[in-house]
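These are the residues of each chain, in order.
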Amino acid sequence: MSHEQLGYHSKRNSIASNNSDDDDMESRHASISYKERRREAHTQAEQKRRDAIKKGYDTLQELVPTCQQTDVSGYKLSKATVLQRSIDYIQYLQQQKKKQEEERNALRKEVIALRIMQTNYEQIVKAQQLQPGHTETPVSDEVKFSVFQTIIDQLFLTFSTVSVSNFSELSAGVFSWLEEYCKPQTLKDTVYLVLNRHHNQMRG
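Every value quoted in this text rests on a predicted model; they were computed, and no experiment measured them.

A. How the structure looks around the overall build of the protein. A tally of regular secondary structure across the protein gives 5 helices and 0 strands. Expressed as a percentage of contacts within the protein between residues at least 6 apart in sequence, the contacts between residues at least 24 apart total 49%. Carbon and sulfur atoms make up 54% of the accessible area of the protein, which totals about 16700 Å².

What follows is the structure, given as structure tokens:
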């Protein structure tokens, strides 16, 4: 092989070697750049997560009354303290809700009982007015309301002895109260007493 051919091959091998080195450098650079991007993305994601957690704790401190104060040492409340006080407050709200629901159910039962009693009293008054020899005269709504109110007031005085602290005591107390104060004859006597009293007041 001539000197010219040897020089040509040597130059070509040198160029190929340089190209290979350049490719390796680009590959290493791309690999480093990819790792840096991944590291940066991870760092950003972690910071975003921490910011979300901090915002959540700040929101809890704003919403929970017992968290709107500093620790006994004067420092800001720890995250553990914020969580525990939030749990305690939620449990307190649940107890209050349960208590209000029980009171509402008790009131509903009282309303139903009062409506039943009202119907019975109206029937008793109507039967009294339709007795032989009774001259029917118009009765104003005001008089009817006054009579009914007087009867209900008297019954409420006796009903005040019934415990309404829970449903079990209310049920037992209502049955005892009905047996003692709401017997047909007892109610009839009460209605007659109220009507006579009201009639005497009207005459006087």
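B. View of the environment of isoleucine 87. Locating isoleucine 87 in the fold gives a position in helix α2 (residues 79-129). The exposure class of isoleucine 87 is partly exposed, given its relative accessible area of 42%. For the pair isoleucine 87 and valine 64, spaced 23 residues apart in the sequence, the C-alpha separation amounts to 9.6 Å.

C. Layout of the packing of helix α3 (residues 141-159) against helix α4 (residues 167-181). Where α3 contacts α4, the axes come no closer than 11 Å and their chain directions differ by 130 degrees. Considering their axes alone, α3 and α4 lie oblique with respect to each other. Crossing handedness for the pair α3 and α4: right-handed. Residues Leu155, Thr158 and Phe159 of α3 lie in contact with α4, whose contacting residues are Val174, Trp177 and Tyr181. In the contact of α3 with α4, the residues fall into 5 nonpolar, 1 polar and no charged.

D. Looking closely at the pattern of salt bridges. Tallied over the entire structure, the rule returns 3 salt bridges. Among the ionic pairs, glutamate 46 bridges to arginine 49, the shortest N-O distance being 2.6 Å. In this pair, glutamate 46 and arginine 49 are both assigned in helix α1 (residues 3-63), 3 residues apart and thus about one turn of the helix distant. If you follow the salt bridges from partner to partner, you end up with Glu46, Arg49 and Arg50 in one network.

E. Summary view of the nonpolar core. Counting residues in hydrophobic clusters, the biggest one holds 15 residues, and the most contacted among them are Met117, Tyr121, Ile151, Leu155, Val162, Trp177 and Leu187. Among the elements of the structure, α2, α3, α4 and α5 (184-203) are those that each provide at least two residues to this core. At 5 residues, α3 tops the list of elements feeding residues into this core. If you look at the next biggest cluster of nonpolar residues, it comprises 5 residues, including Tyr57, Cys67, Leu77 and Val82.

Rules and cut-offs
- Per chain, residue numbering runs from 1 following the sequence as it is written.
- Only residues with pLDDT of at least 70 get local features here, since the model is predicted, and only at 80 or more are side-chain atom pairs given and counted; chain-wide, interface and lining totals rely on the full set of residues.
- Where side-chain values are given, they derive from all heavy atoms of the structure, hydrogens and water being excluded.
- Put simply, DSSP H or I for four residues or longer makes a helix, DSSP E for two residues or longer makes a strand, and each gets a number counted from the N terminus.
- Residue contacts follow a heavy-atom distance rule, with two residues in contact if any of their heavy atoms lie within 4.5 Å.
- The accessible surface values rely on the Shrake-Rupley method and a 1.4 Å probe; as for residues, cover is taken only from the protein chains in view.
- The classification of residues rests on relative accessible area computed with a 1.4 Å probe and restricted to protein chains. Under 20% of the type maximum is buried, over 50% is exposed, and intermediate values are partly exposed.
- Helix axes use the C-alpha atoms of the stretch in contact, all axes being lines fitted to C-alpha atoms, and the angles between their N-to-C directions lie in the range 0 to 180 degrees.
- For classification, angles of less than 35 degrees are called roughly parallel, those exceeding 145 degrees roughly antiparallel, those between 65 and 115 degrees roughly perpendicular, and all remaining angles oblique.
- Each crossing is labelled by how the near helix is turned from the far one, with a counterclockwise turn of less than a right angle marking it left-handed and a clockwise turn marking it right-handed.
- Charged residues are taken to be Asp, Glu, Lys and Arg, nonpolar residues to be Ala, Val, Leu, Ile, Met, Phe, Trp, Tyr, Cys and Pro, and polar residues to be all remaining types, Gly included.
- Salt bridge, as applied in this entry: a Lys or Arg side-chain nitrogen positioned within 4 Å of an Asp or Glu carboxyl oxygen.
- Note on terminology: a nonpolar core comprises buried Ala, Val, Leu, Ile, Met, Phe, Trp, Tyr and Cys residues joined through side-chain atoms within 4.5 Å.

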